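What the coordinates show
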Amino acid sequence: MFAGATLILAFVLVLLALAFRPRSVPPDERGQTRFWIIGLGLGFSMTILAALLAYGLTVGERLLPRDSAETVAVRAVAERWSWSFGYEELPGHVTENVLHIPAGRPVDVAITSVDVVHSFWVPRLAGKLDAIPGHVNVLRIEADAPGTYDGLTAEFNGEGYEEHEFLVIAHDEADWQAFLRGEAP
Amino acid sequence: MSALRRHRRLTAIWASEPGWKGWFSTVNHTDVGRMFLATSFFFFLVGGILAMLIRAQLATPHSAFAGPEVYNQLFTMHGTIMMFLFAIPTFEGLAIYLLPKMLGTRDLAYPRLTAYGYWCYFFGGGMLLFSLLAGIAPDGGWFMYPPLTGPIYSPGINTDFWLIGITFVEISAICAAVEFCVSILRYRAPGMSLDKMPIFAWYALVTSLMILTGFPPLILGSVLLEVERAFGLPFFQAELGGDSLLWQHLFWLFGHPEVYIIFLPAAGVISTVIPVMCRTTLLGYGWVVAAAVALAFLSFGLWVHHMFTTGIPHMGLAFFSAASTLVAVPTGVQVFAWIGTMWKGRPELHLPMLHILGFFVTFVMGGLTGVMVAIVPFDWQAHDTAFVTAHLHYVLFGGFVFPILAAIYYWLPLFTGRTRFFKLGELAFGLIFVGFHGTFLAMHWVGLLGQRRRIETYDAEAGWTTINLVSSVSSFVLAIGLAMVLLDVLLHFVVAVRGRRNPWHAGSLEWAMPAPPPAYNFASLPVVETRDPVSSDPHLAVRLARGEGWLADPALDRRETLTVEPSSGTPEYMVIYPGNTRLPIVFAAITGLFFLSLLIKVYWLTPIALAGIATVGWRWVWSLAQPVDLGPQEAGRGERLPVSGETDRAPGWWGSAFLLAADATFFGSLLFGYAFLWTVAPGWPPPELLEPSLLELGVGLAGALVASIGMRIAIRGNRSRGTGVAGLAVALTGTAAAALAVASLMIRVPAPAGHAYDATLFVLGGYALFHAALAGLMQTFLIVRVRRGFTSPARRAEFPIVCLWADYLALVTILVLVVAHLPGWLA
């Protein structure tokens, strides 16, 4: 996408520069309209955009959560300025500012808020999704390897915004089972 | 009559009062345009200083320069000032100043309204400036998402300053937009058909129509949020059936068109300046107009792309993603039309052209990053990071500030009649260009590294320190460049030498007058036969000064101009303008008193201010009284034209029609909100529905129809017998019945503060009641007019205007009563 954008920019700049070269122009207004407006304005723009859109939609489709027996369901509740996480497989257990997930399995995070609008974002695992009071949004995340991943709130929410962070810990299978038994991993 | 004597006579008629006192009573578009531009650039300076403070804070990690409570005010006010107090007013000022000159007429459609709009902007902007200086400025981010900005999480007065101040300022945008629509469609030189209109006028027309449909959703959102904050009617609180997403929809329904409202006037400048700088004409005039119109339509279909991360269903995302990329097509058509124009002609690198090149580079880059964030998976990562901040600055600085700088240097010779002496401008351009790209290229990068927007500081370990420092240093280079432009313009007024008329050899009509322009613009109005009248007739200015055009005879000491049939440009009727008056500033001050009473919660003052508004409004209209029939008037070139008061479609009718279009958008947004809450918000259906009442519904519907029919009887009665009192009395009775029905609805709403359903019904009823009061006031006014002998079968223009408002009232009353009663019946 970046290379494509650079190419288009270079193309436009070359066209601009060439306009300044000394020359005699034949006054063929209709031909010029056809070339510049229909050819470049409509044809060129539409081709590029159609290709880009097709790409975006296919990638988006692949990112869509698919149902799978392996899926783990967790719940993320935002408030100013902390996150609390609950686990379907461990009812009643709540962790503050740390989300535990199994590595290598898809995780559905049900996101909501108890006060203002926040946004759940773990840059290395997925894009962001907003936490909106009265609504529950589900985000699919998946960590390929065990480890810790930084999470952020990405919607301005007042004075504590900068420090409003959390951690995601992805466990291997053994640690995850230990976590589900209620043992501190 | 010699050219000089005509000039003196016309100047005596059109000039504003001498000295600084003239500022308060002037209604002349040249004066008001200048005042608008001076004020908007003052706010550009303020917004720029805020930007410097933000960059100073972010230059180093853990900066102790400003804490979050100050920093949050800084970025909120930077965005708010640049959008609402700089960009939009700059368009208004430029168009107010230029449009009548380009269209070959003497003033805009409603000179007093021009001045009223300015004073609303001045007072509203003053409110926001005061909050900034007092340290109680809005601090919720410039798009003000509730519940953060709601009564619970922002109890202070800060948010109220935003909601009330911005709504006050938006009155000026709505006034200007109505005025531009009517002026562009009707106030043109004879012979200037739509296809001969200067391209800038087309862009201004499209922009104005967008303001009329884009601003009402935001005004509605602000009203609802302020009502929630002040009186506890819940619209955005999930616990009480409200939904904060409603604000996001209303805000971006405005917010995305807003981007094009800012870009299109700049595109108009580019389309005007490039052909002149290249000694040719615009390539594909019709295509460019079509592209502007297409852009306007598409821009209303993609507000959701600001909400990609709010959990919109996937199909919805795909649709809005497609729409967001599609909008790049008409932009592409315009960009290539401009480059094609350059290829067609011989470009010369004057200073305005340098800024146009700056525009091309910057805007194309901004457009390309825009296409990137239109792709949903990319946006999920980039959203709310510095990448988006960088993108929007590329679009707005590239798409607005560079073209406006080009405009300044292009029209400065007309503005002052002088030529630049020092070559500061070229150096300034270099600094601005380098400084801008240094600042915001770096910001793209740090955004991709994960720096969120609106954070007040960051850790050194994040590795963003160098990039931020580069960005901050560059931003100061940019600021120095802009300061040099300011200095250049000021020096221009002080030391520059007199220049010759039309230094760029441009073809449009604003150059067919002395520079600086006289108060009356044209000593006689031109007859337009081509798209570039000055190119096809280089001596046009002299011939007009000699009085060879329309309305050359100032014998009657009136401010006269004429209107044309919208598409063909055939002269239709003559308009006699009101003269200098302090009514606009007084009216704006009383409007301000109304807003102030709400802001500081001194509610006993509110009805007094409303009564004041009604009184001054009454006087405003009354002063246009025409005591006798004038008949067709001498219009020059051997033609006679009727005056506007003796026609069926006077300027007031056209203005009302466009204002009602904005009003209907407001009402439509309210109905959308009602439907949205009903279907999407949690906590619906409400615990208790309104008890349907056949009596209330019957009285309301009958009243609405009677009000509408009564006005038609009045029009007929006036036409045949010269009196419409009987019909007006019928209409007034109908209006009263409609008012009674909607007032009863408001009283019967179970618990306005208990659930969003009740709150919405209450506001719907209030909306209808307000329009009933307005229509009733107009009908009463007209009855007094008839009784005092100010109407006749010829002087009939006011009847159709009141009829229009009565019809709108009927529509509103019927819709409000039906949507309020229907759920109760269905249940």
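These numbers come from a predicted model, not from an experiment. (Residues numbered from 1 in each chain as written. Chains lettered and ligands numbered in written order. Predicted model: local features only at pLDDT ≥ 70, side-chain atom pairs only at ≥ 80, totals over all residues. Heavy atoms only, no water.)

**Re the overall build of chain B**
- Across its full length, chain B carries 25 helices and six strands.
- Taken against the 2.2 N^0.38 rule, which gives 28 Å for 827 residues, the C-alpha radius of gyration of chain B at 27 Å falls within 12% of a compact globule.
- Reported as C-alpha extents along the three principal axes, the dimensions of chain B are approximately 85 × 80 × 45 Å.
- With 827 residues in all, chain B has 65% of them scored as buried.
- In chain B, 82% of the contacts between residues at least 6 apart in sequence involve partners at least 24 apart.
- In the form shown here, chain B has an accessible surface area of approximately 27,900 Å², with 71% of it arising from carbon and sulfur atoms.
- A distance of 13 Å separates the average location of the 47 positive side-chain charges in chain B from that of its 45 negative side-chain charges. (Helix = DSSP H or I, 4+ residues; strand = E, 2+ residues; numbered from the N terminus. Rg over C-alpha atoms; globule rule 2.2 N^0.38 Å. Buried < 20%, exposed > 50% of the residue type's maximum accessible area, 1.4 Å probe, protein only. Contact = heavy atoms within 4.5 Å. Areas by Shrake-Rupley, 256 points an atom, 1.4 Å probe, with all protein chains shown as cover. Lys, Arg positive; Asp, Glu negative; His and termini not counted. Charge placed at Lys NZ, Arg CZ, Asp CG, Glu CD.)

**A few points about a negative patch on the surface**
- On the surface, E70(A), E142(A), D144(A), D172(A), E173(A) and D175(A) cluster together into a negatively charged patch.
- Its location among the elements puts D172(A) in the loop between strand 10 (165-171) and helix 3 (173-180). (Patch = residues over 30% accessible without salt bridge, like charges linked within 9 Å, V, L, I, M, F, W, Y side chains within 5 Å. Salt bridge = Lys/Arg side-chain N within 4 Å of Asp/Glu carboxyl O.)

**A closer look at the packing of helix 6 (residues 158-186) of chain B against helix 19 (residues 583-599) of chain B**
Residue and element names in this part refer to chain B.
- Look at helix 6 against helix 19: their axes get within 10 Å of each other, and the N-to-C directions meet at 160 degrees. It follows from the interaxial angle that helix 6 and helix 19 lie roughly antiparallel. The handedness of the crossing between helix 6 and helix 19 is right-handed. Each of D160, F161, I164, T167, F168 and I171 in helix 6 lies in contact with helix 19, whose residues at this interface are A588, T591, G592, F595, L598 and L599.
- Classifying every residue of the contact of helix 6 with helix 19 gives eight nonpolar, three polar and one charged. (Axes fitted to C-alpha atoms, helices over the stretch in contact; angles between N-to-C directions. Parallel < 35°, antiparallel > 145°, perpendicular 65-115°, else oblique. Left-handed = near helix turned anticlockwise from the far one by under 90°. Nonpolar A, V, L, I, M, F, W, Y, C, P; charged D, E, K, R; others polar.)

**A short note on the interface of chain A and chain B**
- Each partner contributes residues to the interface: chain A has 67 residues there, and chain B has 72 residues.
- Surface buried jointly by chain A and chain B totals about 5,900 Å² across both partners, of which 72% is contributed by carbon and sulfur atoms.
- Considering only the surface of chain A that becomes buried against chain B, W36(A), F156(A) and E162(A) emerge as the three largest contributors, covering 12% of it.
- In this assembly, chain A and chain B are joined by one salt bridge.
- Close ionic contact of K344(B) with E29(A) constitutes a salt bridge, the shortest N to O distance being 3.1 Å. (Buried area = accessible area lost by both parts, 1.4 Å probe.)

**What about the pairing of strand 3 (residues 559-564) of chain B?**
Residues and elements named next belong to chain B.
- Within strand 3, six of the six residues are buried, which leaves it mostly tucked inside the rest of the structure.
- Inspection of the sheet shows strand 3 paired to strand 4 (residues 571-577) by six bridges, in the antiparallel sense. The residue bridging E560 from the neighbouring strand is I576, located in strand 4.
- Here strand 3 folds back onto strand 4, and the loop between the two strands holds six residues, one of which, G569, carries a positive phi near 85 degrees. (Pairing = 2+ DSSP bridges.)

**What about unusual backbone geometry?**
- Going from A515(B) to P516(B), the amide bond is cis rather than trans, its omega being -5 degrees.
- Examined against the element boundaries, P516(B) turns out to sit in the loop between strand 2 (497-498) and helix 17 (533-536).
- Residue W684(B) is joined to P685(B) through a cis peptide bond whose omega torsion reads -5 degrees.
- By secondary structure assignment, the location of P685(B) is in the loop between helix 21 (651-680) and helix 22 (694-721).
- With a phi close to 65 degrees, N97(A) is a non-glycine residue in the positive phi region.
- Structurally, N97(A) is set in the loop between strand 3 (90-96) and strand 4 (98-102).

**Focus: the domain arrangement of chain A**
- Considered domain by domain, chain A is made up of domain 1 (2-63) and domain 2 (72-180).
- Taken over C-alpha atoms, the centre of domain 1 of chain A sits 43 Å from the centre of domain 2 of chain A. (Domains from an automatic or database assignment.)

**Some points on the nonpolar core**
- If you look at the biggest cluster of nonpolar residues, it comprises 291 residues, and the most contacted ones within it are L99(B), W247(B), W338(B), I339(B) and F360(B).
- When residues in this core are grouped by element, the largest group, 22 residues, is from helix 14 (residues 386-416) of chain B.
- Here F360(B) is in contact with L16(A), I274(B), V335(B), W338(B), I339(B) and M342(B), once residues within four sequence places are set aside. (Core = buried A, V, L, I, M, F, W, Y, C linked by side-chain atoms within 4.5 Å.)

**Points about the pattern of salt bridges**
All names here are of chain B.
- Applying the stated criterion to the full structure yields 20 salt bridges over all chains.
- For D557, the salt bridge goes to R9, with nearest N and O atoms at 3.2 Å. Of this pair, D557 sits in the loop between helix 18 (540-545) and strand 3 while R9 sits in helix 1 (residues 3-14); the two residues are 548 residues apart in sequence, bridging distant segments of the chain.
- Overall, the relative accessible area of 48% leaves D557 in the partly exposed class.

**Topic: the sheet that holds strand 4 of chain A**
Residues and elements named next belong to chain A.
- With mixed pairing, the five strands of this open sheet are ordered in space as 4-10-9-6-7. Every interior strand has two partners, whereas the edge strands, strand 4 and strand 7 (129-131), have only one. On average, adjacent strands in this sheet sit at an angle of 30 degrees to one another, irrespective of strand direction.
- Note: strand 9 (residues 147-153) against strand 10, six bridges, orientation antiparallel. Bridging from a neighbouring strand, D150 pairs with L167 of strand 10.
- Contacting strand 4 and strand 10, helix 3 runs over the sheet at an angle of about 125 degrees to strand 4.

**Focus: the pairing of strand 5 (residues 633-636) of chain B**
Residue and element names in this part refer to chain B.
- Inspection of the sheet shows strand 5 paired to strand 6 (residues 639-641) by three bridges, in the antiparallel sense. Note that in strand 6 the partner of E634 across the bridge is R640.
- Where strand 5 hands over to strand 6, the hairpin turn is made up of two residues, of which R637 adopts a positive phi near 50 degrees.

**Quick look at the side chain of H492(B)**
- By the secondary structure assignment, H492(B) is in helix 16 (residues 465-495).
- In this structure H492(B) comes out as buried when scored by relative accessible area, which is 3%.

**What about helix 7 (residues 199-231) of chain B?**
Residue and element names in this part refer to chain B.
- Compared with the 48 Å implied by 1.5 Å per residue over 33 residues, the 47 Å span of helix 7 between its first and last C-alpha is a close match.
- Along helix 7, the sharpest kink reaches roughly 30 degrees, centred on F215 and followed within four residues by the proline P216.
- Judged by how many residues are buried, helix 7 sits mostly within the fold: 28 of 33 residues are covered.
- G232 sits one or two residues past helix 7 and shows a positive phi near 75 degrees. (Expected span 1.5 Å × (residues − 1). Bend = angle between axes of the 7 residues up to and from the residue.)

**Digging into a nonpolar patch on the surface**
Residues and elements named next belong to chain B.
- A surface patch of nonpolar side chains, about 570 Å² in accessible area, is lined by F421, F422, F493, V494, V495 and V497.
- The element that contributes the greatest number of residues to the nonpolar patch is helix 16, accounting for three residues.
- By the element assignment, F493 lies in helix 16.

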